[in-house]
Amino acid sequence: MWISIKQARQPEAIGQQAQVRGWVRTRRDSKGGFSFIEVNDGSCLGNLQIIADGNLANYQSEITTLSVGSSVVITGEIKASVGQGQSTEMAASEVRITGIASATDYPLQKKQHTFEKLREWAHLRPRTNTFGAVARVRNRLSFATHQFFQNDGFLYVHTPIITASDCEGAGQMFRVTTLPIDKLPMVNGKVDMSQDFFGKASYLTVSGQLEGETYATALGKIYTFGPTFRAENSHTSRHLSEFWMIEPEMAFFELADNMTLAERYLKYMIHDVLTHCAEDMDFFEKRIQPGVTAALQLVLDTPFTRLSYTEAVEILTKCDEKFEYPVSWGIDLQAEHERYITEKHVRGPVILYNYPKEIKSFYMRLNDDDRTVAAMDVLVPGVGEIIGGSQREERLDVLTERMLASGLKAEDYWWYLDLRRFGTVPHAGFGLGLERMVQYTTGMTNIRDVIPFPRAPGSCDF
RNA sequence: UCCCUUGUAGCUCAGUUGGCAGAGCAACGGACUGUUAAUCCGUGUGUCGGUGGUUCGAGCCCACCCGGGGGAGCCA
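Model, not experiment: these values are computed from the prediction.

Draft legend 1. Here's a closer look at the protein's contact with RNA strand B. In the region of RNA strand B, 55 residues are neighbours, and K31, R119, T236, Q334 and R436 sit closest. Near the protein, within 4 Å, the atoms of RNA strand B are sugar or phosphate in 55% of cases. One of the side-chain N or O atoms of Q49 is found 2.7 Å from a base oxygen in RNA strand B. E89 is positioned with one of its side-chain polar atoms (N or O) 2.6 Å from a base nitrogen of RNA strand B. The set of elements that each furnish at least two residues to the surface near RNA strand B consists of β1 (17-29), β2 (35-40), β3 (48-52), α2 (115-120), β13 (242-251), α9 (335-345), β17 (384-392) and β18 (427-433).

The structure is reproduced here in structure tokens:
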């Protein structure tokens, strides 16, 4: 019976005749004329130790040539392990080689490689401990996302990847076109976009929020979960050109409800990963970021600190920290300021809310003070902003006015304004960057190492 | 886009004042009665990121270009 290595490593498997299939991580030849082969199949972090006896028919001809990365199908009996380091092992009765990985050509060696080097081998890096563990945690976070929202009565809505709104205010967009780039149709010195595929300019989405609002204002509570694209020329360890975003949007929710949901959602994901990815989290704790599990556990046990922008500015102006950028009411908080708040002042997740209207988007609800909007950011140590959201402006006149002040044309958003024109309701939502959540839970410092095939300025390989 | 930093063997790196290109690991060959990144002995390894320049002579100095990393801005 073919079983996973995860199953084969359980003590309950002892005594069982079984077959495992996977890839060789290492082979050690013993003085006794037999070999230890460690096999991994991705089902868990740990390997299964195979004892390949010298009297197996293909021992000399094949087994002693088995190199790192080779694929094997192995049949035998699961036994309690004599040695330290594992509770079970398999005494092989047959070792069948599916494919050899030439030791002289296979890039991955039986040692640690730098993450920078592994990025050049993005097609092979999932075969390493770290990237296998990242993949499993990322999978679990995705699964937990669906579970959390589905259990809470949310509807999963698929918003478009291609959009024609060219000014959603969330950064530079990638253009989508079928026009011949070397022979553009010109009219009066300008490109005639009416000849393009959709009869107008189109782009890759930077957010599904506006479309999400249309469904929230019909179906109540919805969420989107899909790829998002930003053509920003940013070179940092926290930005990607293509990333995955989860955006819940809730009718009849106000800012406080939005914050409560964000906190429950983050805690749900953390609890789920700590529960179901214990072995992988143990690896991140030992090899990637000591203290990460205790920090996550603390998040579960502590209510999120909520600070208004005004309170945050007060804390920053009164503290002894020397900042490169001076703090005063009205400025957009710099990375150093956010880092101080979340890493030194609060030492955990913090929700900042009610930002000055001048530094936030047009769709965020204007507060009664006329100076701030009902925006919120969730900041976490190490990563910074992991969630950005707001209560949306539901009053037609206020929204229209704020659009004009932002230099946007109301007619471009006729359908968005219709939501306020017909049966408007208070509503709110937020966006969570999946990769930043993976970074936060694993302690991986570079965002390019928590997505299988990272896209960043000047980098679109594989 | 800006600032800093870096590019030398398959990998990680050293390379002095400009004077014959180095080490560890991996690989390969051998030894070894249960190993855990096994150990021990032996062997081989180069477009010094690219182009141009200075020089008797450049891995090293100069100019430009390309790639990697860190930070800023922008954001998730």
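Draft legend 2. Spotlight on the sheet that holds strand β12 (residues 221-229). One open sheet accounts for eight strands, arranged β6-β12-β13-β18-β17-β16-β15-β14; its pairing is mixed. This sheet does not close on itself; its edge strands, each paired only once, are β6 (155-156) and β14 (305-308). For β17 and β18, the ladder comprises six bridges, and the chain directions are antiparallel. Bridge pairing links Q391 to A428 in β18. On top of the sheet, helix α4 (residues 209-219) reaches β6, β12, β13, β17 and β18; it is set at about 30° to β13, its chief contact.

Draft legend 3. Region of interest: a nonpolar patch on the surface. Side chains of I161, I162, F197 and F198 sit close together on the surface and give an oily, nonpolar patch of about 390 Å² of accessible area. You can see F198 is positioned in the loop between β10 (190-191) and β11 (202-204).

Draft legend 4. Highlighting the confidence of the model for chain A. When pLDDT is averaged along chain A, the result is 91, and 99% of the positions lie at 70 or above. Interface confidence in the predicted complex, given as ipTM, is 0.83; pTM for the same model is 0.92.

Draft legend 5. Structural context of the packing of aromatic side chains. Taken as a whole, this structure holds 21 aromatic pairs when the rule is applied. Their ring planes at 85° and their centres at 5.7 Å tell us that F323 and Y340 sit as a pair that is edge-to-face. In this pair, F323 sits in the loop between α8 (309-318) and α9 while Y340 sits in helix α9, placing the two residues 17 residues apart along the sequence. The exposure class assigned to F323 is buried, which follows from its relative accessible area of 19%. Over the ring of W329 we find R371, and its NZ or CZ is 3.9 Å from the ring centre.

Draft legend 6. Representation of the pairing of β13 within the structure. Taking burial as the measure, the ten residues of β13 include eight buried ones, the bulk of the element. Where β12 lies against β13, nine bridges are found, and the strand directions are antiparallel. When the bridges of β13 are listed, K221 appears paired with M250. In terms of strand pairing, β13 meets β18 through five bridges, oriented antiparallel. The residue of β18 that forms the bridge with M245 is G433.

Draft legend 7. Just the layout of surface pockets, in detail. Here the second largest pocket defines a volume of roughly 770 Å³. Around the second largest pocket, the lining is made up of 29 residues, and of these Q112, T128, N129, T130 and R287 lie nearest the centre. Listed by contribution, the elements that provide at least two residues to the lining of the second largest pocket are β1, α2, α3 (129-151) and α6 (278-288). With six residues, α6 is the largest single contributor of residues to the lining of the second largest pocket. Within the lining of the second largest pocket, the residues separate by chemical class into eleven nonpolar, ten polar and eight charged.

Draft legend 8. Looking closely at the side chain of Q439. Mapped onto the elements, Q439 comes out in helix α12 (residues 434-442). Beyond its immediate stretch of four places on either side in the chain, Q439 contacts S237, R238, V383, M444, T445, N446, I447 and V450.

Draft legend 9. Spatial organisation of unusual backbone geometry. For F252, which is not glycine, the phi torsion reads 65° and is therefore positive. Even without being a glycine, N354 presents a positive backbone phi close to 55°. Within the secondary structure layout, N354 lies in strand β15 (residues 350-356).

Draft legend 10. Examining the environment of I14 more closely. Note on placement: I14 falls in the loop between α1 (5-8) and β1. Taking the C-alpha atoms as reference, I14 lies 8.5 Å from E89; in sequence the two are 75 residues apart. Beyond its immediate stretch of four places on either side in the chain, I14 contacts I78, K79, A80, S87 and T88.

Draft legend 11. Up close: the sheet that holds β3. With respect to topology, five strands assemble into a closed barrel ordered β1-β2-β3-β5-β4, the strand pairing being mixed. For this sheet, the mean inter-axis angle between neighbouring strands, taken without regard to orientation, is 55°. Relative to strand β5 (residues 88-99), strand β4 (residues 71-80) is paired through ten bridges, and the arrangement is antiparallel. Within β5, the residue paired with V72 across the bridge is I97.

Draft legend 12. Structural detail: empty space enclosed by the protein. Counted according to the given criterion, the structure contains one cavity of 30 Å³ or more. There is about 30 Å³ of room inside the largest cavity. Every residue lining the largest cavity is listed: G208, Q209, G212, I222, T224, E247, P248, E249, R392 and F430. Contributions of two or more residues to the lining of the largest cavity are made by α4, β12 and β13. Split into classes, the residues belonging to the lining of the largest cavity amount to three nonpolar, four polar and three charged.

Draft legend 13. Broad picture of a negative patch on the surface. Residues D368, D369, D370, D397 and E401 make up a contiguous surface patch of negative charge. Inspection of the secondary structure puts D397 in helix α10 (residues 396-405).

Analysis parameters
- Residues numbered from 1 in each chain as written.
- Chains lettered and ligands numbered in written order.
- Predicted model: local features only at pLDDT ≥ 70, side-chain atom pairs only at ≥ 80, totals over all residues.
- Heavy atoms only, no water.
- Near = heavy atom within 4 Å.
- Polar contact = N/O pair within 3.5 Å; in protein donor to acceptor, adjacent residues only side chain to side chain.
- Helix = DSSP H or I, 4+ residues; strand = E, 2+ residues; numbered from the N terminus.
- Pairing = 2+ DSSP bridges.
- Contact = heavy atoms within 4.5 Å.
- Axes fitted to C-alpha atoms, helices over the stretch in contact; angles between N-to-C directions.
- Patch = residues over 30% accessible without salt bridge, like charges linked within 9 Å, V, L, I, M, F, W, Y side chains within 5 Å.
- Areas by Shrake-Rupley, 256 points an atom, 1.4 Å probe, with all protein chains shown as cover.
- Salt bridge = Lys/Arg side-chain N within 4 Å of Asp/Glu carboxyl O.
- pLDDT = per-residue confidence, 0-100.
- Phe/Tyr/Trp six-rings, centres within 6.5 Å; stacked < 30°, edge-to-face > 60°.
- Buried < 20%, exposed > 50% of the residue type's maximum accessible area, 1.4 Å probe, protein only.
- Lys NZ or Arg CZ within 6 Å of the ring centre and 35° of its normal.
- 1 Å grid on protein atoms, 1.4 Å probe; cavity = no way out; pocket = protein on both sides within 12 Å on 5 of 7 lines; lining within 4 Å.
- Points joined across faces, edges and corners; volume = space filled by probe spheres on them.
- Nonpolar A, V, L, I, M, F, W, Y, C, P; charged D, E, K, R; others polar.
- Lys, Arg positive; Asp, Glu negative; His and termini not counted.
- Charge placed at Lys NZ, Arg CZ, Asp CG, Glu CD.

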